[in-house]
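Here is what each chain is made of, one letter per residue.
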Amino acid sequence: MHNHFHSNPDLRPAGERFFVRSEAGEDVPLRRIRLSDTPECFGGGRNPDFFMTDVTGGYGAADAGETVELVRRERPEPGSPTQLAAARAGVVTPEMAYAAARENANLEGFAASLSEPGLERVRDRLMPLLERVEPWTGERVRARVAARQAVIPAAFTHPEVEPTVIGRHFATKVNANVGTSASSSDWREEGRKMQEALARGADTVMDLSTGRCIRETREMILRGSPVPVGTVPLYETLERAGGDPLALSWEIFRDVLEDQARAGVDYMTIHAGLLLPHVELTRSRLTGIVSRGGGMMARWMKAFGRENFLYEHFDEILDIAAHYDLTLSLGDGLRSGSLYDGNDAAQFAELRTLGELNRRAGARDVQVMIEGPGHIPMPGVELNQLNEREWCDDAPFYTLGPLVSDVGAGYDHITAAIGGAMIAGAGTAMLCYVTPKEHLGLPDANDVREGMAAFRIAAHAADIARGVPGAILRDHLMSMARFEFRWPDQFALAVDPARARAFHDETLPGAAAQKAHFCSMCGPKFCPMKLAHELFKD
Ligand SMILES: C[C@H]1O[C@@H](n2cnc3c(N)ncnc32)[C@H](O)[C@@H]1O
Ligand SMILES: Cc1ncc(COP(=O)(O)O)c(N)n1
Ligand code: SF4
Ligand SMILES: [Zn+2]
């Protein structure tokens, strides 16, 4: 089955498509941002091309309205060694090589270009930052996967996926959630939200559909997504159980797991760490259980007085995961839904169990991420990451925010991006975005855009904190463009180029304004950056 996605110029990221060759000989897409020359009045000279990750799978590159065919990569048969098994055997897979090339984002090419004539001023400033950079190789990625400090979610059944590596040694990744709920009217809209998320740089997408047409929505997303796709199989299990949590069963769950893995889902949230004794720990909470999967599982356990069937059948889950190289994202069914409940006994009891499950998965060559909260007051954010690292043996942490305040309704992309930046700075591998609609309703395409922008910024700020090679270069290039009033270059380097341009042009439209040595904030007579150029002239 083919996807039905058409390219949309409104969703085109900055720059143009550019390919680097992976060690395994595959073409890995990047965006090349061309920058204009420094105006003569500021000393003249050239500015280097800059390279950024491209997750759009070609949506952003094609002509308007053109149907986009995703590249379908060669994949091993189900039952082949997982990325983890291969890594342990010392084998560098094409996926490891691909992810390494993507992670490098042609930083070597960028560094080499700085020695070209006309780039002396940029070279003087940026070269010191590039001297100690050790590029990623397939081998270095392999070592992190083998150490279980990184995962490459790429199911054998998902040929459309362009591999990426998730772990604290790599650039911080951002996941965007999409999917229907009972109140959405058109499931095809989820395809548009996915495209919006990709255009804004989502490294993975999760289909969290709970409305009608769960399977159709997922199939559309899988066939149209060049990034890894995640799901929460308990949702479809509840649907098949007629919406009654008491009708959930291991048998239905197992069928859902098998069906979704066969369809090509790359990673799944598995709420296996929420145990029956943990449920009691939530009694004194201010906001109980706010995880959907956790909530339905707790209801089932309490009603029957039985242990979590995902925990009881975890070995069988591992059989299926190993067969398809499905990455398990061990779910935080007890994540805190309020600052009051942040880092409480329930949450940490579950986290310790996730550590135990992580070790069992490792013994079966199954890749694992650990899911985290939620809502935590600022002073507790780092502790959450430290506990995860200790109890879960440094497995990649994947958090929802955390939100650092409960009063942000309507702006919770901000409360969550603040906590997200903090926790990623402390080593969280992937941030799940939160949109302005959190706690209020189902996000639409515009909310996706806002949520992605907030979280790309959080991830980038964290990359700078973590010393990810090259991350801060983009900031420096932006600052040079800003000080030299190269407005189009500023737009191109911004997290949301279309918005940056629109905001600037709103008050100063026209060609002349694209070169003006001021903007409407201060105007020509009061622009201090303009004056700064005069300071050391004589
Ligand atoms: C786990 C998190 O996923 C988000 N979430 C849950 N369902 C959807 C959906 N259909 N679309 C987008 N986001 C969703 C909420 O923010 C929740 O807190
Ligand atoms: C980071 C993250 N993303 C998604 C989920 C699944 O949602 P839920 O636990 O509400 O079913 C989760 N637990 N954690
Ligand atoms: S976001 Fe809405 S549906 Fe989800 S837990 Fe909160 S109130 Fe319930
Ligand atoms: Zn919340």
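Residues numbered from 1 in each chain as written. Chains lettered and ligands numbered in written order. Predicted model: local features only at pLDDT ≥ 70, side-chain atom pairs only at ≥ 80, totals over all residues. Heavy atoms only, no water.

**Some points on the overall build of the protein chain**
Turning to step 1, where the next piece is worked out: Within the protein chain, the regular secondary structure consists of 21 helices and 13 strands.
Turning to step 2, where the next piece is worked out: Relative to the globule expectation of 24 Å for 538 residues, the C-alpha radius of gyration of the protein chain, 24 Å, shows essentially globular dimensions.
Turning to step 3, where the next piece is worked out: Along the longest, intermediate and shortest principal axes, the C-alpha atoms of the protein chain span 80 × 50 × 45 Å.
Turning to step 4, where the next piece is worked out: Considering only contacts in the protein chain between residues 6 or more positions apart, those separated by 24 or more positions represent 73%.
Turning to step 5, where the next piece is worked out: When the accessible surface of the protein chain is totalled, it reaches about 21500 Å², and 55% of it is carbon and sulfur.
Turning to step 6, where the next piece is worked out: Put simply, the protein chain has 58 plus and 75 minus side-chain charges, and the middle of one group is 2 Å from the middle of the other. (Helix = DSSP H or I, 4+ residues; strand = E, 2+ residues; numbered from the N terminus. Rg over C-alpha atoms; globule rule 2.2 N^0.38 Å. Contact = heavy atoms within 4.5 Å. Areas by Shrake-Rupley, 256 points an atom, 1.4 Å probe, with all protein chains shown as cover. Lys, Arg positive; Asp, Glu negative; His and termini not counted. Charge placed at Lys NZ, Arg CZ, Asp CG, Glu CD.)

**Some details on the site of ligand 1**
Turning to step 1, where the next piece is worked out: Taken together, Asn177, Val178, Gly179, Thr180, Leu208, Arg292, Arg335, Leu400, Glu438, Leu442 and Pro443 form the complete shell of residues around ligand 1.
Turning to step 2, where the next piece is worked out: A distance of 3.0 Å is found between a nitrogen atom of ligand 1 and a side-chain nitrogen or oxygen belonging to Arg292.
Turning to step 3, where the next piece is worked out: Between ligand 1 and Glu438 there is a distance of 2.4 Å, counted from an oxygen atom to a side-chain nitrogen or oxygen.
Turning to step 4, where the next piece is worked out: Protein contact buries 82% of the 400 Å² of open area that ligand 1 shows by itself.
Turning to step 5, where the next piece is worked out: Across the shell around ligand 1, the residue classes break down as 5 nonpolar, 3 polar and 3 charged. (Near = heavy atom within 4 Å. Polar contact = N/O pair within 3.5 Å; in protein donor to acceptor, adjacent residues only side chain to side chain. Nonpolar A, V, L, I, M, F, W, Y, C, P; charged D, E, K, R; others polar.)

**Thoughts on the coordination of the zinc ion (ligand 4)**
Turning to step 1, where the next piece is worked out: The zinc ion (ligand 4) binds to the protein through His375 (NE2) and His439 (NE2), with metal-donor distances spanning 2.1 to 2.2 Å. Remark: His439 occurs in the loop between strand S13 (430-432) and helix H17 (445-466) and His375 occurs in the loop between strand S11 (368-372) and helix H15 (378-391); sequence separation between them is 64 residues. (Donors = N, O, S within 2.8 Å, 3.2 Å for Na, K, Ca; no water.)

**A look at helix H7 (residues 214-224)**
Turning to step 1, where the next piece is worked out: Taking burial as the measure, the 11 residues of H7 include 8 buried ones, the bulk of the element.
Turning to step 2, where the next piece is worked out: Looking at the packing, one finds that the buried side of H7 touches strand S6 (173-178), helix H6 (189-199), strand S7 (204-207), strand S8 (229-231), helix H8 (233-240) and helix H9 (250-263). (Buried < 20%, exposed > 50% of the residue type's maximum accessible area, 1.4 Å probe, protein only.)

**Here we look at the confidence of the model for the protein chain**
Turning to step 1, where the next piece is worked out: Summarising the model, the protein chain shows a mean pLDDT of 96, and 98% of its residues fall at 70 or more.
Turning to step 2, where the next piece is worked out: Interface scoring of the predicted complex returns ipTM 0.98; its pTM is 0.98. (pLDDT = per-residue confidence, 0-100.)

**A short note on the sheet that holds S6**
Turning to step 1, where the next piece is worked out: Read once around its circumference, the closed barrel built from 8 strands follows the order S6-S7-S8-S9-S10-S11-S12-S13, with strand pairing classed as parallel. Neighbour-to-neighbour, the strand axes of this sheet turn through a mean angle of 25 degrees, independent of strand direction.
Turning to step 2, where the next piece is worked out: Two strands pair when backbone bridges link them, and S6 and S7 are joined in this way by 4 bridges, in the parallel orientation. Within the sheet, the bridge partner assigned to Asn177 lies in S7 and is Met206.
Turning to step 3, where the next piece is worked out: Contacts from helix H13 (residues 314-324) reach strand S9 (267-270) and strand S10 (327-330) within the one sheet, and its direction differs from that of S10 by about 140 degrees. (Pairing = 2+ DSSP bridges. Axes fitted to C-alpha atoms, helices over the stretch in contact; angles between N-to-C directions.)

**Observations concerning unusual backbone geometry**
Turning to step 1, where the next piece is worked out: The linkage connecting Pro373 with the following residue, Gly374, adopts the cis geometry, with an omega of 20 degrees.
Turning to step 2, where the next piece is worked out: Relative to the assigned elements, Gly374 resides in the loop between S11 and H15.
Turning to step 3, where the next piece is worked out: Here the bond from Gly401 into Pro402 is cis, since omega is 5 degrees, no more than 30 degrees from zero.
Turning to step 4, where the next piece is worked out: Along the polypeptide, Pro402 turns up in the loop between strand S12 (397-400) and helix H16 (412-425).
Turning to step 5, where the next piece is worked out: Here the phi dihedral of Cys213 falls at roughly 60 degrees; this positive angle occurs in a residue that is not glycine.
Turning to step 6, where the next piece is worked out: Here Cys213 shows up in the loop between S7 and H7.
Turning to step 7, where the next piece is worked out: Overall, Cys213 belongs to the partly exposed group, its relative accessible area being 28%.
Turning to step 8, where the next piece is worked out: One non-glycine residue, His439, lies in positive phi territory at about 75 degrees.

**A look at the pattern of salt bridges**
For side chains of opposite charge, pairing can occur when their charged atoms come near one another.
Turning to step 1, where the next piece is worked out: Scanning all chains against the criterion turns up 49 salt bridges.
Turning to step 2, where the next piece is worked out: A salt bridge links Arg142 to Glu139; the nearest nitrogen and oxygen atoms lie 2.8 Å apart. Remark: Glu139 and Arg142 occur in helix H5 (residues 138-146); sequence separation between them is 3 residues, near one turn of the helix.
Turning to step 3, where the next piece is worked out: Accessibility expressed as a relative area gives 14% for Arg142, which makes it buried.
Turning to step 4, where the next piece is worked out: Assessed through its relative accessible area of 38%, Glu139 is described here as partly exposed.
Turning to step 5, where the next piece is worked out: One network of salt bridges, with partners in common, ties together Arg215, Arg218, Glu236, Glu239, Arg240, Glu258, Asp259 and Arg262. (Salt bridge = Lys/Arg side-chain N within 4 Å of Asp/Glu carboxyl O.)

**Quick notes on the state of the cysteines**
Turning to step 1, where the next piece is worked out: For the structure on display, the rule yields 0 disulfides.
Turning to step 2, where the next piece is worked out: There is no disulfide at Cys41, and the cysteine sulfur nearest it, in Cys527, is 13 Å away.
Turning to step 3, where the next piece is worked out: The thiol sulfur of Cys432 is not disulfide-bonded, and the nearest other cysteine sulfur, from Cys392, lies at 18 Å. (Disulfide = S-S within 2.5 Å.)

**What to know about the sheet that holds strand S1 (residues 16-21)**
Turning to step 1, where the next piece is worked out: The strand order across the open sheet formed by 3 strands is S1-S2-S3, and the pairing between neighbours is antiparallel. Looking at which strands have only one partner, the edges of the open sheet turn out to be S1 and strand S3 (50-53). Taken over all neighbouring pairs, the strand axes of this sheet differ in orientation by 45 degrees on average, direction set aside.
Turning to step 2, where the next piece is worked out: Both S1 and strand S2 (residues 27-33) contribute to a ladder of 6 bridges, which runs antiparallel. Across the sheet, residue Phe19 finds its bridge partner in S2, namely Pro29.

**A look at the packing of aromatic side chains**
Turning to step 1, where the next piece is worked out: Inspection of every chain in the model, using the stated rule, returns 11 aromatic pairs.
Turning to step 2, where the next piece is worked out: Here Phe50 and Phe110 contribute two aromatic rings whose centre-to-centre distance is 5.7 Å and whose plane-to-plane angle is 85 degrees, an arrangement assigned as edge-to-face. Of the two residues, Phe50 is situated in strand S3 and Phe110 in helix H3 (residues 107-113); the sequence distance between them amounts to 60 residues. As far as burial versus exposure is concerned, Phe50 and Phe110 are alike and both buried.
Turning to step 3, where the next piece is worked out: Each residue in the set Trp250, Phe253, Trp300, Phe304 and Phe309 is aromatic and connected to the rest through ring pairs, giving one cluster.
Turning to step 4, where the next piece is worked out: Across from the ring centre of Trp391, 3.8 Å away, lies the NZ or CZ of Arg352, which sits over that ring. (Phe/Tyr/Trp six-rings, centres within 6.5 Å; stacked < 30°, edge-to-face > 60°. Lys NZ or Arg CZ within 6 Å of the ring centre and 35° of its normal.)

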